[in-house]
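Okay, here's what each chain looks like letter by letter:
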Amino acid sequence: MHELSLVEALCKELLQQGQEQGWATVTRIVLRVGEMRQVVPDVLLFCFDVASKGTILEGAVLDIVPVPLLWTCRECGNVWPGDAACALCPNCGAVRTELREGMELEIDFVEVEDSEERPEEATKECRSCRDW
């Protein structure tokens with residue numbers, strides 16, 4: 001169950017950001033997860049609920065956005081969706097292909113309430129915590 005270690009890293013990063021930026025509460029987190037990460041969303045959500053207890057993350061909505069695999073051919077430039085076994089270019093048959101999307105594990109954005117809340121600034125985005 002690697003979801004627990006992923007959630008621990010997520011919580012650590014967000015709690016650090018929250019302390020540095022003066023967040024009172026995190027209300028929503030949008031997480032982009034690539035298919036190759038083999039994350040089970042329900043397990044990730046359960047782990048997050050457990051790990052966030054008693055922190056500024058408790059009660060936050062965790063939205064998981066799945067990112068499907070997308071391949072590109074280094075020979076002809078073809079781009080195609082596929083699965084992990086789909087590494088040969090369907091256009092030219094080349095083996096020099098690379099995974100373009102599907103390995104992501106990124107915090108897309110975070111909605112927070114500041115500790116000194118001003119209505120116009122009640123929601124902020126945290127762009128600095130990508131690729132934790």
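All values reported here derive from a predicted model rather than from experimental measurement.

**Observations regarding the overall build of the protein chain**
1) Next: Broken down by element type, the protein chain carries 2 helices and 6 strands.
2) Next: Tracing the protein chain from N to C terminus, the helices and strands come up as α-β-α-β-β-β-β-β.
3) Next: The proportion of buried residues among the 132 residues of the protein chain is 35%.
4) Next: Considering only contacts within the protein chain whose residues lie at least 6 apart along the sequence, 66% involve residues at least 24 apart.
5) Next: For the protein chain, the exposed surface amounts to about 7600 Å²; the carbon and sulfur share of it is 50%.

**A few points about helix H1 (residues 3-21)**
1) Next: Spanning 19 residues, H1 covers 27 Å between terminal C-alpha atoms, matching the ideal 27 Å at 1.5 Å per step.
2) Next: Along H1, the residues classified as buried are Glu3, Leu6, Val7, Leu10, Cys11, Glu13, Leu14, Gln17 and Gly18. End-on view of H1: buried residues confined to an arc of 165 degrees, all on one side of the axis. Along H1, the residues that are exposed and aim more than 90 degrees away from the buried face are Lys12, Gln19 and Glu20.
3) Next: As for H1, its buried residues are in contact with strand S1 (23-34), helix H2 (41-51), strand S2 (61-67) and strand S6 (105-114).
4) Next: Of the residues flanking the end of H1, it is Gly22, one or two places downstream, whose phi is positive at about 75 degrees.

**Focus: H2**
1) Next: Regarding H2, the residues found buried are Leu44, Cys47 and Phe48. Angular distribution of buried residues about the axis of H2 spans 100 degrees; they occupy a single face of the element. Along H2, exposed side chains directed more than 90 degrees from the buried face belong to Asp42, Phe46 and Val50.
2) Next: In this fold, the buried residues of H2 make contact with H1, S1 and S2.

**Observations concerning the environment of Leu44**
1) Next: Structurally, the position occupied by Leu44 is in helix H2.
2) Next: Apart from residues no more than four positions distant in its own chain, Leu44 is found in contact with Glu3, Leu6, Val7, Leu31, Val39, Leu62 and Ile64.

**Considering the nonpolar core**
1) Next: Within the largest apolar cluster, 21 residues are counted, with the highest numbers of intra-cluster contacts made by Leu14, Val26, Ile29 and Phe48.
2) Next: Those elements that place two or more of their residues in this core are H1, S1, H2 and S6.
3) Next: Of all hydrophobic cores here, the second largest spans 6 residues; its members include Leu69, Trp71, Cys73 and Ala94.

**Section: the sheet that holds S6**
1) Next: What the 3 strands build is an open sheet, ordered S2-S1-S6; its pairing is mixed. Looking along the sheet, the strands with just one partner apiece sit at the ends: S2 and S6. Neighbour-to-neighbour, the strand axes of this sheet turn through a mean angle of 15 degrees, independent of strand direction.
2) Next: In terms of strand pairing, S1 meets S2 through 7 bridges, oriented parallel. Within S2, the residue paired with Arg32 across the bridge is Val65.
3) Next: Helix-sheet contacts for H1 involve S1, S2 and S6, and the interaxial angle to S1 is about 140 degrees.

**Structural notes on the pattern of salt bridges**
1) Next: Using the criterion set out here, one finds 6 salt bridges in the structure.
2) Next: Asp63 serves as the salt-bridge partner of Arg28, at 2.6 Å between the closest nitrogen and oxygen. In this pair, Arg28 is assigned in strand S1 and Asp63 in strand S2, connecting sequence segments 35 residues apart.
3) Next: Judged by relative accessible area, which is 27%, Arg28 ranks as partly exposed.
4) Next: By relative accessible area, Asp63 is classed as partly exposed at 25%.
5) Next: With a shortest N-O distance of 3.3 Å, Glu111 and Arg28 are connected by a salt bridge.

Definitions and cut-offs
Residues numbered from 1 in each chain as written. Predicted model: local features only at pLDDT ≥ 70, side-chain atom pairs only at ≥ 80, totals over all residues. Heavy atoms only, no water. Helix = DSSP H or I, 4+ residues; strand = E, 2+ residues; numbered from the N terminus. Buried < 20%, exposed > 50% of the residue type's maximum accessible area, 1.4 Å probe, protein only. Contact = heavy atoms within 4.5 Å. Areas by Shrake-Rupley, 256 points an atom, 1.4 Å probe, with all protein chains shown as cover. Expected span 1.5 Å × (residues − 1). Arc of directions from axis to C-beta. Core = buried A, V, L, I, M, F, W, Y, C linked by side-chain atoms within 4.5 Å. Pairing = 2+ DSSP bridges. Axes fitted to C-alpha atoms, helices over the stretch in contact; angles between N-to-C directions. Salt bridge = Lys/Arg side-chain N within 4 Å of Asp/Glu carboxyl O.

By themselves these figures say nothing about function.
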